[in-house]
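# Coordinate analysis (summary)
As a plain string of letters, each chain reads:
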Amino acid sequence: MSDQAAVLDSADYRTSPTARDVFENWKSQNADRLPVHDQRWDVGNPDIYHDDNWQPIFKEMRAEGPVNKVTGTPFGDYWNVTTIKAIQHVESLPKIFSSDWQNGGITILDMDIAEDEARAAANFLSMDPPEHSPRRRTVAPAFTPAEMVRLTDLVRERTCAVLDSLPIGEEFDWVQRVSIELTTGMLATIFDFPWHHRKALSFWSDWLSEIGLGQSQELSAMRMEVIMEMAGCFHKLWEQRLSAEETPDLLSRMIHSDAMNKMDPMEFMSNMALLIVGGNDTTRNTMTGIIEALDCFPEQRAKLEEDPGLIPNAVQECIRYVTPVAHMRRTAMEDYELDGQLIRKGDKVILWYISGNRDETVFDEADRLIVTRPNARRHIAFGYGIHRCIGARLAEMQLRILIEEMVARRMRVHVTGEVERLRQNFIHGFSSAKVTVERG
Ligand code: HEM
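Residues numbered from 1 in each chain as written. Predicted model: local features only at pLDDT ≥ 70, side-chain atom pairs only at ≥ 80, totals over all residues. Heavy atoms only, no water.

Time to look at the overall build of the chain. Looking only at helices and strands, the chain features 17 helices and twelve strands. Dimensions of the chain along its principal axes, counting C-alpha atoms only, are 55 × 55 × 45 Å. For the chain, the proportion of its 440 residues judged to be buried stands at 59%. Within the chain, residue pairs in contact and separated by at least 24 positions form 73% of the contacts whose partners lie at least 6 positions apart. Carbon and sulfur atoms make up 49% of the accessible area of the chain, which totals about 18,100 Å². (Helix = DSSP H or I, 4+ residues; strand = E, 2+ residues; numbered from the N terminus. Buried < 20%, exposed > 50% of the residue type's maximum accessible area, 1.4 Å probe, protein only. Contact = heavy atoms within 4.5 Å. Areas by Shrake-Rupley, 256 points an atom, 1.4 Å probe, with all protein chains shown as cover.)

Right, here's the structure in full:
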């Protein structure tokens with residue numbers, strides 16, 4: 001990898017305060033003004049993910065009203081879509097169920113934000129055909145099987161270095177030391193981003209993915225400041241890559257492509273942001289979730305140690321079990337009947353992947369991690385249809401290597417206390433996980 005540090009040397013990219021600290025602080029100061037989630041089926045309530053008690057609520061909905069509407073919530077009125085079949089149905093109709101940022105975007109929080117911030121959010125995940133397809137095609141070659149082979153050795157080398165640096169028998173935070181380190185390292189690799197600035201990538205990603213910030217104009221403005229800082233950094237890299245020959249990294253590939261090189265700078269930036277958030281929070285939280293799950297189900301870890309051939313299936317099962325993206329949102333462009341329910345034009349429709357992946361009509365004992373599960377691949381964690389995750393192969397490769405190297409070292413990671421979960425209904429994950437490592 002070439003060292004691009006010189007381009008950014010004059011800059012000092014901050015990595016604090018974190019979006020979470022700022023948001024938590026704002027919430028504590030505004031506690032009496034915050035809207036209350038007081039309906040059981042209002043699963044937009046971020047507390048149920050923080051307290052990890054969302055499972056029985058979704059189970060109840062799947063049994064009693066798999067497609068149901070809640071009204072008068074802090075996120076307004078919305079439809080809950082909770083089974084795999086219904087989620088896939090909605091995702092197969094992108095003309096009827098829009099992802100476009102101008103129609104409301106892809107999260108439960110309406111885009112009631114400043115025009116410039118909305119434009120910054122206008123990446124190809126938040127676009128419908130025909131705008132979506134050429135942009136997706138541009139980045140797709142960075143995720144082909146051949147590219148994965150090219151990256152495998154480097155990912156393995158970096159994973160081994162991180163695992164071998166871990167203290168044995170001493171408590172540490174897995175999120176910071178392993179999950180964030182490995183995922184930011186991966187992003188820095190695919191963008192050929194200056195290595196010593198890589199922590200800025202996760203800092204930016206956290207600011208971009210904390211959707212709660214959109215609840216206050218003041219916080220939105222702070223986020224805009226962070227976005228502009230990120231934009232400034234990528235602009236410098238853009239200019240540098242544009243004046244150079246095309247190289248295989250994603251940034252160079254995008255800059256030299258027909259679909260993207262004429263894009264306005266804001267749109268370019270929002271696509272970069274999509275790749276950063278897409279690649280960071282998701283894989284990072286799965287890496288932590290795997291540790292928690294294998295510690296909860298030690299007999300499953302024993303199976304992997306006995307037969308490492310089970311690891312590729314275990315990766316799918318872990319992604320199903322963790323489901324790091326809890327939901328995606330669509331907006332109905334016309335009246336449509338789904339599962340006997342009439343969804344009206346303009347309605348907000350929430351696709352709960354976190355529920356689909358526990359759908360008992362598809363997965364037996366869905367609340368258990370079962371590494372030999374025959375249909376683990378049917379999970380919906382990567383979405384479905386035209387927006388299905390483009391980075392799925394990369395994520396699977398990183399997670400497979402992590403598990404392979406832990407198994408090869410007979411590394412058992414034990415969660416020492418309670419993990420701390422995100423108070424968020426979009427990214428389902430962890431802010432910390434204190435662990436100790438033992439080698440068998
Ligand atoms: C375990 C890891 C991951 C999970 C669970 C995940 C999940 C998702 C989901 C749910 C979607 C939306 C699908 C839909 O609307 O149907 C998505 C889209 C996307 N993901 Fe991922 N993702 C992961 C890793 C990654 C990585 C590593 C990257 C890239 C570095 C990435 C980049 C993207 C992009 C660019 C899109 C937009 C695709 C489009 O709109 O056509 N993701 N991902």
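Next comes the rest of the description.
A few words now on the sheet that holds strand S5 (residues 327-332). Taking strand neighbours across the sheet as the criterion, the five strands line up as S1-S2-S8-S5-S3 in an open arrangement whose pairing is mixed. Both edges of this open sheet fall to strand S1 (67-73) and strand S3 (97-98), since each of them pairs with a single strand only. In this sheet, strand S2 (residues 76-81) lies alongside S1 in antiparallel orientation, the contact comprising five bridges. Paired with Val-70 across the bridge in S2 is Tyr-78. Along the sheet, helix H5 (residues 84-91) contacts S1, S2, S3, S5 and strand S8 (348-352); its crossing angle with S8, the most-contacted strand, is approximately 130°. (Pairing = 2+ DSSP bridges. Axes fitted to C-alpha atoms, helices over the stretch in contact; angles between N-to-C directions.)

Now for the site of the ligand. Residues in close proximity to the ligand total 30 residues, the closest being Glu-91, His-132, Arg-136, His-387 and Cys-389. Between the ligand and Glu-91, the relevant distance is 2.5 Å, taken from an oxygen atom to a side-chain nitrogen or oxygen of the residue. Residue assignment for the shell around the ligand shows that the elements contributing at least two residues are helix H7 (132-139), helix H13 (265-296) and S5. With seven residues, H13 is the single largest residue contributor to the shell around the ligand. Residues belonging to the shell around the ligand are distributed by class as follows: 17 nonpolar, nine polar and four charged. (Near = heavy atom within 4 Å. Polar contact = N/O pair within 3.5 Å; in protein donor to acceptor, adjacent residues only side chain to side chain. Nonpolar A, V, L, I, M, F, W, Y, C, P; charged D, E, K, R; others polar.)

On to the nonpolar core. Formed by 92 residues in total, the largest nonpolar core has its most connected members in Phe-143, Trp-204 and Phe-234. Here this core takes eight residues from helix H11 (residues 217-242), the largest share from any one element. When near neighbours in sequence (up to four residues on either side) are disregarded, Trp-204 contacts Tyr-13, Phe-193, Val-226, Glu-229, Met-230, Cys-233 and Phe-234. (Core = buried A, V, L, I, M, F, W, Y, C linked by side-chain atoms within 4.5 Å.)

Reading across the sheet, the three strands line up as S4-S12-S9 and stay open at both edges, with antiparallel pairing between neighbours. Sheet topology places strand S4 (172-173) and strand S9 (411-415) at the edges, where each strand pairs with a single neighbour. Here H13 sits on the sheet in contact with S9 and strand S12 (434-439), set at roughly 90° to S9.

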